[in-house]
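Now for the letters of each chain:
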Amino acid sequence: MIKQKSWEAAFDVIKSLEENGYEAVIVGGAVRDSLRGHVANDVDVATNAVPEEVKTVFARTADVGISHGTVLVIHPLSPVEVTTYRTEGTYQDHRRPDKVHFVSSLAEDLKRRDFTINAMAMSGNQEIIDLFGGKEDLQNGVIRAVGEPVERFKEDALRMLRAIRFSAQLGFEIENSTFDAISKQAKDLHFIAKERIKAEFDKIFVSEHPQKAIQNIQQSGLNQFLPGDYSQMELWEDFKADIGSWKGWAFFCLLQPKQDVELLNVFKCSNNEKKRVKDIIDAYQLLISDGWTKRNYFEYEFEVLKTAFEFANYLKKAPANPKSVEEIKQIKANLAIQKKTDLVVTGHDLIRWSSQKSGPWLKETLEKILTEILENRLKNDQQHIKKWFLSEYSRSI
Ligand code: ATP
Ligand code: MG
């Protein structure tokens, strides 16, 4: 018995549906992952009960995706998504349709799923229902479309990128006819919203084998219909996005011919991601050209410095210093000040000391003071700063 709350909840939901005369099984990724010995957290249930019927069986439910036939059952152990057996009706514009058709048989529901490894079901007594050889493909490490691959990719072009994403997550090979179908239908990718493409890339970047995805994108020809350059695929070999997908986005931008961050706009990355990535690229370029000043250590977050340093080492561009991540941490910790508000003088002080009106000079001077302190040429002490300011300031006017 799988001892995890989400699984116990799912089995309990199945039991309740069965007691009310319906069929219900666990489907999709949870079945695939449990057969690989990974206990997934997202455990989806499929049933022949329509949403209205599901709602009558359980005391607490929420309509999370009723148009797709999904009801969320609020089970005390864990919420469970329960979806009515369905097909996807007609596909328009090579995207998954918004409207679905409910069907009465599990077999029909499994048939519309993308890959054999994703098209298995598990009954309440943990029997595997495997109509398309998913178990064997899982054992052999193969990603194979259910049915005729060209047709399946014509229906929904995102599936091509999903195949590639699963190859990176599982370290599997894409079966030949499925791979050829990707090459053939690659152009349909332009029908897919960039946000959905980005979501697949986020998963690729944090996967175990991102290189596999980059390689498959390049070799299938999908690269021609995706933003960005994928030709430096060998450089992804040892890449690990151990602290989040933004590290993957940063590395991806770094490998572009112009190291351009513009690409992130095309992929509709968030402002946070853009800022992080831009900082990493800037810090990387500073590091490999002039090395970092104390001011740079102050300016960039530790994670940004660490990542830029790792990239520089990885690409064999790192200068002699710093020597290690530990040294970066030390230098940062030993800076004379850690944040701007630590500065003991303010604009008011400068106005008072100089009897000048506020203006752009104020910000510039405060910045200068900050740099002087960080470079240990000035102490963060009112009297010191005043003395320095009066001599420096009287010289500059
Ligand atoms: P993950 O670990 O990323 O959640 P998953 O297999 O659970 O992997 P989901 O995107 O959550 O993937 O989808 C759940 C299931 O729905 C899949 O296993 C697959 O059976 C089916 N599915 C999802 N997207 C598609 C699609 N575009 N075409 C056909 N079937 C799909
Ligand atoms: Mg899932």
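Remember, predicted model here, so these are calculated numbers, not experimental data.

This part is about the site of ligand 1. Surveying the vicinity of ligand 1 reveals 14 residues, the closest of which are Arg32, Asp156, Arg159, Arg162 and Arg165. The separation between an oxygen atom of ligand 1 and a polar side-chain atom of arginine 113 is 3.1 Å. Within the contact set of ligand 1, an oxygen atom lies 2.9 Å away from a backbone nitrogen or oxygen of asparagine 118. Relative to its unbound accessible surface of 580 Å², ligand 1 loses 79% to contact with the protein. Every element with two or more residues in the shell around ligand 1 is listed here: helix 2 (29-35) and helix 7 (158-170). Split into classes, the residues belonging to the shell around ligand 1 amount to one nonpolar, three polar and ten charged.

Moving on, we get to the state of the cysteines. As enumerated under the stated definition, the model contains zero disulfides in all. With no disulfide partner, cysteine 269 has as its closest neighbouring cysteine sulfur the one in cysteine 253, 7.5 Å distant.

In this section: the sheet that holds strand 1 (residues 24-27). Sheets are built from strands that pair by backbone hydrogen bonding, the pairs being arranged parallel or antiparallel. Pairing is mixed in the open sheet, where seven strands are placed in the order 3-4-5-2-1-8-9. The strands lining the two open edges of the sheet, one partner per strand, are strand 3 (61-65) and strand 9 (128-129). Here helix 1 (residues 5-19) sits on the sheet in contact with strand 1, strand 2 (44-47), strand 4 (70-74), strand 5 (79-84) and strand 8 (121-122), set at roughly 155° to strand 1.

All right, on to a negative patch on the surface then. Negative charge collects at one region of the surface, where Asp12, Glu18, Glu19 and Glu23 lie side by side. With respect to the helices and strands, glutamate 23 occurs in the loop between helix 1 and strand 1. Owing to a relative accessible area of 38%, glutamate 23 belongs among the partly exposed residues under this scheme.

Let us now look at the pattern of salt bridges. A side chain of one charge can pair with a side chain of the opposite charge if their charged atoms are brought near each other. Taken as a whole and judged by the stated rule, the model has 30 salt bridges. The partner of glutamate 151 in a salt bridge is lysine 154, and the shortest N-O contact between them spans 3.8 Å. Here glutamate 151 pairs with lysine 154, and both are found in helix 6 (residues 149-155), just three residues apart, close to one helical turn. Connected through salt bridges with shared partners, the residues Arg152, Glu155, Asp156 and Arg159 form a single ionic network.

Here we come to unusual backbone geometry. Residue asparagine 321 is joined to proline 322 through a cis peptide bond whose omega torsion reads -5°. Along the chain, the position of proline 322 falls in the loop between helix 15 (302-314) and helix 16 (325-333). A positive phi angle is found at glutamine 126, which is not glycine, with a value near 65°. By relative accessible area, glutamine 126 is classed as partly exposed at 31%. In the Ramachandran plot, lysine 316 falls in the positive-phi region, its phi being about 55° despite a non-glycine side chain.

What follows covers the nonpolar core. The biggest cluster of nonpolar side chains holds 107 residues, and the ones touching the most others in it are Ile26, Phe201 and Leu222. Broken down by element, the residue count for this core peaks at eight residues, all from helix 7. When near neighbours in sequence (up to four residues on either side) are disregarded, isoleucine 26 contacts Trp7, Ala10, Phe11, Ile14, Val31, Val43, Asp44, Val45, Met120, Ala121 and Met122. Judged by nonpolar contacts, the second largest core, of eight residues, contains Val27, Tyr85, Leu106 and Ala121.

Moving on: the packing of aromatic side chains. Scanning all chains against the criterion turns up 21 aromatic pairs. An angle of 50° between the planes, with centres 5.5 Å apart, marks the rings of phenylalanine 251 and tyrosine 314 as tilted. Of this pair, phenylalanine 251 sits in helix 11 (residues 245-254) while tyrosine 314 sits in helix 15, and the two are 63 residues apart along the sequence. Among the aromatic residues, those joined into a cluster by ring pairs are Phe201, Phe205, Tyr230, Trp236, Phe239, Trp249, Phe251, Phe252, Phe267, Phe311 and Tyr314. Here the guanidinium or amino end of arginine 165 rests over the ring plane of phenylalanine 166, the centre of that ring lying 4.3 Å away.

The next thing to look at is the pairing of strand 4. Every regular strand shows the same layout, with side chains that alternate between the two sheet faces. The buried fraction of strand 4 is high, at four of five residues. Bridge count for strand 3 against strand 4 is three bridges, and the pairing is antiparallel. Within the sheet, the bridge partner assigned to alanine 62 lies in strand 4 and is leucine 72. Connecting the antiparallel pair strand 3 and strand 4 is a turn made up of four residues, with glycine 69 showing a positive phi of about 85°. As consecutive antiparallel partners, strand 4 and strand 5 are separated by four residues.

Attention now goes to the domain arrangement of the protein. In terms of domain boundaries, the protein breaks down into domain 1 (1-140), domain 2 (141-228), domain 3 (240-335) and domain 4 (340-396). The distance between the C-alpha centroids of domain 1 and domain 2 comes to 24 Å. At the interface, 22 residues of domain 1 touch 22 residues of domain 2. Across the domain 1/domain 2 interface, buried area totals approximately 1,900 Å², and carbon plus sulfur atoms make up 56% of it. The three residues of domain 1 that bury the most area against domain 2 are His94, Asp114 and Phe115, which together make up 36% of that side's buried surface. For the interface between domain 1 and domain 2, the tally reads two salt bridges. Here aspartate 114 ties to arginine 162 by a salt bridge, and the two come within 2.6 Å at their closest N and O atoms. Our count for the contact surface shared by domain 1 and domain 2 stands at eleven residue pairs in polar contact (both at pLDDT 80 or more). Of the residues belonging to the side of domain 1 that touches domain 2, the class tally is six nonpolar, five polar and eleven charged.

Conventions used here
- Here the residue index of a chain counts from 1 through its sequence in written order.
- As they are written, the chains are lettered A onward and the ligands numbered 1 onward, keeping that order.
- The model is predicted, so local features are restricted to residues of pLDDT at least 70 and side-chain atom pairs to those at 80 or more, both for listing and for counting; the totals for chains, interfaces and linings are taken over all residues.
- Excluding hydrogens and water, the side-chain values take into account all heavy atoms of the structure.
- In these notes, residues near a molecule or strand are those with any non-hydrogen atom within 4 Å of it.
- Two N or O atoms form a polar contact when they lie within 3.5 Å of each other; inside protein one atom must be a possible hydrogen donor and the other a possible acceptor, and for residues adjacent in sequence the pair counts only when both atoms belong to side chains.
- Residue burial considers only the protein chains on display, and all accessible areas are found by Shrake-Rupley using a 1.4 Å probe.
- Numbered from the N terminus, helices here are DSSP runs of H or I no shorter than four residues, and strands are runs of E no shorter than two.
- In this classification, Asp, Glu, Lys and Arg are treated as charged, Ala, Val, Leu, Ile, Met, Phe, Trp, Tyr, Cys and Pro as nonpolar, and every other residue, Gly included, as polar.
- The criterion for a disulfide is a pair of cysteine sulfur atoms lying within 2.5 Å.
- Only when DSSP finds a minimum of two bridges between them are two strands counted as paired.
- Residues are treated as being in contact if the distance between any of their heavy atoms lies within 4.5 Å.
- Between N-to-C directions, angles span 0 to 180 degrees; the directions come from axes that are lines fitted to C-alpha atoms, helices contributing only their stretch in contact.
- Exposure above 30% relative accessible area and the lack of any salt bridge qualify a residue for a patch; like charges then connect within 9 Å, and the nonpolar side chains Val, Leu, Ile, Met, Phe, Trp and Tyr within 5 Å.
- One speaks of a salt bridge when a side-chain nitrogen belonging to Lys or Arg is within 4 Å of a carboxyl oxygen belonging to Asp or Glu.
- Counted charges follow a simple rule, with Lys and Arg positive, Asp and Glu negative, and His plus the chain ends left uncounted.
- To locate a charge, take atom NZ for lysine, CZ for arginine, CG for aspartate or CD for glutamate.
- The buried label goes to any residue with under 20% of its type's maximum accessible area, the exposed label to any with over 50%, and the partly exposed label to all in between, with areas taken from a 1.4 Å probe on protein chains only.
- The criterion is simple. A nonpolar core is a set of buried Ala, Val, Leu, Ile, Met, Phe, Trp, Tyr and Cys residues joined through side-chain atoms within 4.5 Å.
- Pairs were defined over the aromatic rings of Phe, Tyr and Trp, the Trp ring being its six-membered one, requiring ring centres within 6.5 Å. Orientation was assigned from the angle between planes: stacked under 30 degrees, edge-to-face over 60, tilted for the rest.
- We count a charge as sitting over a ring when the NZ of a lysine or the CZ of an arginine lies within 6 Å of the ring centre and within 35 degrees of the ring normal.
- Segmentation of the chain into domains, including their bounds, is taken from an automatic or database domain assignment.
- Accessible surface is computed with a 1.4 Å probe, and the buried area is the amount of it that two parts give up when combined, taken over both parts together.

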